Amino acid sequence: MNLNHLKLRAYALYREKISVFAHKRLLIACYFFLLILILLPNLIPVPTQFGKVGGGFGAAVVGWLFLIWFAILGRLSFAMLTGLVFLAWWPVEVYLRLNLHTVLNPTLLGMVWDTNFAELKEFANSHIYLLICWGGFLVLLVLGVAWAWSARLAWEGSSRRFVIFTAPVVLALIFEYQPSKALDNQVPDLFQETLPAWLSPWTQLYPFSGLTAYLQLLEEARLRRVLRQSISGFRFNIASLAKQMPKHIVLVLGESSRRDRWSLYGYQRPTTPELQKEKQLIVFSDVVSISNATRSAVPALMSRAPLQRPDGLPSLQPEPSLVQLFKQLGYRTVWLSNQTNSGSEDTPLSFIAADADKRVFLNTADYHHSSTFDGELLPSLQAELSHPGSVMLVLHTLGSHFEYAKRYPNSQRRFATESSKPLTHEHHPYINVSKLAELNQRLEDDYDNSVVYTDQVLTAVLKMVRAAGSSALVVYVSDHGEDLPANGCEHNVRSRYSRYAYEIPVFFWLSPAYLAQSPQLWQQLQEQRHRKMLSTDLFDLITAAAGVVVHPRAEISNHNSLVRKVYTGQRWVDFDEKKVSNACNINS
């Protein structure tokens with residue numbers, strides 16, 4: 001073997017080594033490109049009730065976890081393949097964070113699951129650039145996985161061992177991080193999701209948001225099946241039926257609307273000018289919600305004995321809701337909602353909604369994000385009113401839920417000074433009490449504007465029902481009121497402990513055709529309108545107005561009671577006694 005041959009062989013080995021080194025660098029670069037791609041959504045923070053989640057901290061947590069995963073697997077191709085799986089919902093996550101300021105959650109996942117091909121095609125056409133980028137990334141990464149597999153590149157050496165040995169400490173620190181849920185309403189809960197507590201921080205971090213959303217969706221489905229067994233086969237014992245019942249029954253569920261902010265009840269600002277023009281309203285002056293939380297207030301007014309009472313205890317003899325009652329009577333039942341259909345706040349309501357023949361949930365975000373306005377329920381209502389048979393409809397609105405400025409279009413902003421701007425999540429007194437004094441007026445303006453928009457939506461509902469020309473009954477009731485820094489109550493808005501958080505607006509409306517059909521009903525309702533009532537009394541009042549009398553059951557707590565007991569989230573109190581002794585905090 002001559003010298004020239006040795007030189008050529010040495011050069012060939014050098015070139016091969018350089019090539020392998022270059023390949024390794026390129027493939028490692030591909031992995032870190034994949035890692036950056038996965039981290040990208042986490043750099044877009046999303047607001048939650050605990051403040052904004054995400055940003056640099058979220059990206060750092062996810063990045064370190066993927067580094068640990070790479071070290072455990074060893075092979076670069078395996079690590080990249082895992083990343084490809086997570087990229088499946090990457091464009092959806094980016095879209096949600098940029099446009100809706102939320103993450104993939106059980107509600108959205110359920111909507112995607114129910115989406116048909118035409119809707120997917122429409123989404124793709126309107127976000128083609130995002131999908132092109134996503135597709136390009138996938139193609140490049142598939143090629144990278146194949147390349148890494150053929151080259152059998154692996155992470156070896158002391159750096160990998162260091163990451164593996166320190167992983168338990170890092171994981172312990174990461175999983176120790178839990179947002180503090182300092183909420184007032186801590187009660188036992190049949191509807192509480194049973195996902196492990198350590199999963200809660202990961203619901204806002206991509207790619208874990210998709211995985212936890214899927215687990216929550218499965219858990220909520222299981223929970224509904226279990227609870228439904230306790231009332232399966234139930235039939236209401238009907239005492240009497242009117243010869244002619246209304247063809248259309250429309251129940252509008254308001255949200256966080258306090259009675260004293262409606263000019264219909266004497267408020268000095270004209271917040272309900274259109275409703276005040278209605279001559280066929282029967283306005284109830286003294287109705288109190290049994291609870292200050294939607295998840296317990298709505299079931300308590302929809303059912304005489306809901307599965308779970310406001311204090312978290314199960315009813316001994318649970319009954320289905322008004323939806324099931326009218327379904328039993330032959331009505332087509334429809335639930336039209338501008339709230340979400342899953343999550344800790346909404347699962348008890350979607351459980352009731354599941355009894356309806358048709359369910360429509362328009363809202364894709366939670367309360368802290370921009371969402372659909374209540375007026376978007378109207379086209380669906382119009383369509384259902386044209387149904388040839390008898391129909392019972394529930395319209396579940398977002399009403400005046402905080403953030404108030406997100407509950408009405410900017411064009412409907414009636415009350416505000418020129419310099420004032422709508423309040424956003426970071427201004428909420430629960431988050432930033434120190435700024436409460438300077439924000440009071442803006443908070444009240446936004447709230448009153450939301451009531452004005454509610455007035456317009458309700459007037460449109462009455463107009464549609466009137467135009468249908470049928471015998472019809474329309475009922476409006478808010479789930480609970482709201483605390484505002486007004487009436488001398490300068491306190492935490494989030495607590496909802498003042499009397500105004502329980503005093504709710506309620507009205508009935510009878511169409512001309514139904515009045516002609518049941519002339520005595522008008523007088524009967526008029527005689528009830530100044531009676532002290534709890535929201536739990538409305539079940540019987542609504543059924544009576546519809547011409548139905550249901551035999552009472554043994555266990556109906558608080559029903560038609562002269563002492564109005566309400567639940568504060570911690571204990572039962574005598575509302576009428578407490579509103580006198582401390583109107584700003586009946587829980588004291």
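Every chain is numbered independently, its residues counted from 1 as its sequence is written. Side-chain atom pairs in this predicted model are given and counted only at pLDDT of 80 or more, local residue features only at pLDDT of at least 70, and totals for whole chains, interfaces and linings cover all residues. Processing note: side-chain calculations cover all non-hydrogen atoms of the structure and skip hydrogens and water entirely.

K.L.:
Provide a residue-level description of the sheet that holds strand β5 (residues 281-288), including the pertinent values.
P.N.:
The sheet built from eight strands is open, its strands ordered β7-β6-β8-β4-β9-β10-β5-β11 with mixed pairing. Edge positions in the open sheet fall to β7 (358-361) and β11 (533-534), since each of these has one partner strand only. For two strands to be treated as a pair, DSSP must find at least two bridges joining them. In this description a helix means any DSSP run of H or I spanning at least four residues, a strand means any run of E spanning at least two, and both kinds are numbered starting from the N terminus. Strand direction decides the pairing type here: strand β6 (residues 332-337) and strand β8 (residues 391-396), joined by six bridges, are parallel. Across the sheet, the residue bridging to S337 is H396, located in β8. Here helix α16 (residues 519-528) sits on the sheet and contacts β5, β10 (503-510) and β11; the angle it forms with β5, its principal contact strand, is near 30°. In this analysis, two residues are considered to be in contact whenever any of their non-hydrogen atoms come within 4.5 Å of each other. Only the contacting stretch of a helix is used when fitting its axis, a line to C-alpha atoms as for every element, and angles between N-to-C directions run 0 to 180 degrees.

K.L.:
Any chance you could break down the pattern of salt bridges for me, citing the residues and the numbers?
P.N.:
Note on definitions: salt bridges are taken to be side-chain nitrogens of Lys or Arg within 4 Å of carboxyl oxygens of Asp or Glu. Using the criterion set out here, one finds 19 salt bridges in the structure. The salt bridge partner of E444 is R261, with a shortest N-O separation of 2.8 Å. With E444 in helix α14 (residues 436-468) and R261 in the loop between β4 (248-254) and β5, this pair connects stretches of sequence that are 183 residues apart. Each of the two residues, E444 as well as R261, counts as buried. D448 is paired through a salt bridge with R261; the nearest N and O atoms lie 3.1 Å apart. Pair noted here: D448 is in helix α14 and R261 is in the loop between β4 and β5, with a separation of 187 residues, a long-range link. Using a 1.4 Å probe on the protein chains alone, a residue whose accessible area is under 20% of its type maximum counts as buried, one over 50% counts as exposed, and one in between counts as partly exposed.

K.L.:
If you had to explain the pairing of β5 to someone new, which residues and values would you point to?
P.N.:
Burial analysis of β5 places seven of its eight residues in the buried class, the great majority of the element. Bridge count between β5 and β10: six bridges; the pairing is antiparallel. Pairing of V288 across the sheet is with E503, part of β10.

Treat this as a map of the structure, not an account of what it does.
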